[in-house]
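Residues per chain are reported as follows:
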Amino acid sequence: THTHTHAHTHTNYVRTYVALITRALNTIYVSREEDDSRQRAMEEIKRRANSGGQWPKVLIFPEGTTTNTKRLLTFKKGSFTLNLPVQAAVIKFKNRINPMVWGDNGHSLIASLFLTLCQFHNSLEVEFLPVYYPSEEEKADAVLFAENVRQQVSSATGIPTTDCSFEDLLLGRSAKKLGIPFSSGLTGYSKARRELGVGLDEMKKHLKRFAAMDSNKDGLVCEEDMAGFLQVPIDPSFHSFFSSFKQTSSSVSFSNYLHGLLGPTQTLLEDEYFMKKMFESFDADGDGVLSGDEVPKLPAPFKANKKDQLDFEDFKLLMSENLELVLLFRHCHSQSDAWAGVDTPPLMVPALQ
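Residues numbered from 1 in each chain as written. Predicted model: local features only at pLDDT ≥ 70, side-chain atom pairs only at ≥ 80, totals over all residues. Heavy atoms only, no water.

1. What about the overall build of the protein chain?
Right, so step 1: Secondary structure summary: the protein chain contains 14 helices and six strands in total.
Right, so step 2: Per-residue burial for the protein chain yields a buried fraction of 37% across its 353 residues.
Right, so step 3: Contacts in the protein chain between residues far apart in sequence, at least 24 positions, make up 60% of those at least 6 positions apart.
Right, so step 4: Split by element, the accessible area of the protein chain, about 20600 Å² in all, is 55% carbon and sulfur. (Helix = DSSP H or I, 4+ residues; strand = E, 2+ residues; numbered from the N terminus. Buried < 20%, exposed > 50% of the residue type's maximum accessible area, 1.4 Å probe, protein only. Contact = heavy atoms within 4.5 Å. Areas by Shrake-Rupley, 256 points an atom, 1.4 Å probe, with all protein chains shown as cover.)

As structure tokens, this is what we get:
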């Protein structure tokens, strides 16, 4: 109890100290989880930036987190939506050993502060880059504006850019909690979100499924892993399905899985004709309702369906949560010439029924 109380008191001291510093700096507070909080922060930034000198310049850290300075993370677009000129300031640490930065897998903030105080001196250089005025194209596209400023900083520092962002850190933490390597969650979140149109919560759901497939928890899924998860045999149709994912050797990474799954299935789910054909392949008696053995088998850890009967709308909702089955169905029938242009497709492979 004494140790717990001591640790709790120490944490409170740190929080109080940090709170005093941030208050003195007129910090704009924002919660990552609340959309309203982010919107209020944007409004306050705009108010201060347009105050006519009543407020000093607003200092923003566009990566949204700390890094080991090996790469420039994707800049958050939020402040760039204001379409105001920005001036990047580059901080260069001159010491051979730089304890002033920390990452998720490194030492903590307190350890960083202690190590900084242990050095005889800490030298850094601040370089202010030319003011960047957004073009009309950049004013219409905050992502482009943010990326071009990031490239300006990259050119000035020689630090290469990466598609990773703060959300990759959160995915990496989720991966560790699921028992697979931290690196498994590093998908290049910003680029993946633009290309696939899914957010962090959706990616976490797919990461959970991926981790359930990964039998030896090495961050890679082999053909046997995925077949076992989906409870289907490895036949030519399944091999074609598995080969559709971009592969590293004979296995699939989470990033490969995410792109290989979401890219094609988003179109398939919106294809009413395709989904009806899929539904009909399960509806053996043709009564428009799936019941009993007609209901698709689902992966054991994700048996969310609690209905004894499924109509077409129920079926579509169920398949939207089990995208692997949608893609597998497509590969089963892409090899069948008989399905093209006919009203009734060949019966779905028995393993899915």
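2. So, helix α5 (residues 142-157)
Right, so step 1: Spanning 16 residues, α5 covers 23 Å between terminal C-alpha atoms, matching the ideal 22 Å at 1.5 Å per step.
Right, so step 2: Along α5, the residues classified as buried are Ala142, Phe145, Ala146, Val149, Arg150, Gln152, Val153 and Ser154.
Right, so step 3: Looking at the buried positions of α5, the neighbouring elements they touch are β1 (89-93) and α4 (136-140).
Right, so step 4: At the N-terminal end of α5, a side-chain oxygen is found 3.2 Å from the backbone nitrogen of valine 143, two or three residues along, and the residue is aspartate 141.
Right, so step 5: Just beyond α5, the residue with positive phi is glycine 158, at close to 80°. (Expected span 1.5 Å × (residues − 1). Polar contact = N/O pair within 3.5 Å; in protein donor to acceptor, adjacent residues only side chain to side chain.)

3. Observations regarding the packing of helix α12 (residues 272-282) against helix α13 (residues 312-320)
Right, so step 1: Across the interface, α12 lies against α13 with an axial gap of 10 Å and an inter-helix angle of 100°. Classified by the interaxial angle, the pair formed by α12 and α13 is roughly perpendicular. Of α13, the residues touching α12 (which contributes Glu272, Met275, Lys276, Met278, Phe279 and Phe282) are Phe312, Phe315, Lys316 and Met319.
Right, so step 2: Looking at the contact of α12 with α13 residue by residue, the class counts come to seven nonpolar, no polar and three charged. (Axes fitted to C-alpha atoms, helices over the stretch in contact; angles between N-to-C directions. Parallel < 35°, antiparallel > 145°, perpendicular 65-115°, else oblique. Nonpolar A, V, L, I, M, F, W, Y, C, P; charged D, E, K, R; others polar.)

4. Some thoughts on the packing of helix α9 (residues 223-230) against helix α10 (residues 236-243)
Right, so step 1: Packing of α9 against α10 brings their axes to within 11 Å, and their N-to-C directions diverge by 115°. As the angle between them shows, α9 and α10 are arranged roughly perpendicular. Of the two elements, α9 crosses α10, and the hand of that crossing is right-handed. In this structure, α9 uses Glu223, Met226, Ala227 and Leu230 to contact α10, whose residues at the interface are Phe238, His239, Phe241 and Phe242. (Left-handed = near helix turned anticlockwise from the far one by under 90°.)

5. Points about the confidence of the model for the protein chain
Right, so step 1: The predicted model of the protein chain averages 81 in pLDDT, with 85% of residues at 70 or higher.
Right, so step 2: Overall, residues 1-10 carries pLDDT values under 50, and its contacts beyond four positions in sequence, including any with other chains, amount to zero contacts.
Right, so step 3: Note on residues 337-353: pLDDT is under 50 here. Beyond four places in sequence and across chains, it has 43 contacts. (pLDDT = per-residue confidence, 0-100.)

6. Quick look at unusual backbone geometry
One can expect most non-glycine residues to show negative phi and most peptide bonds to be in trans.
Right, so step 1: With phi around 55°, lysine 217 is a residue other than glycine that occupies positive phi space.
Right, so step 2: The topology assignment puts lysine 217 in the loop between α8 (200-213) and β3 (221-222).
Right, so step 3: Residue classification places lysine 217 among the partly exposed positions, given a relative accessible area of 34%.
Right, so step 4: Of note, glutamine 231 is a non-glycine position whose phi angle comes to about 60°, a positive value.

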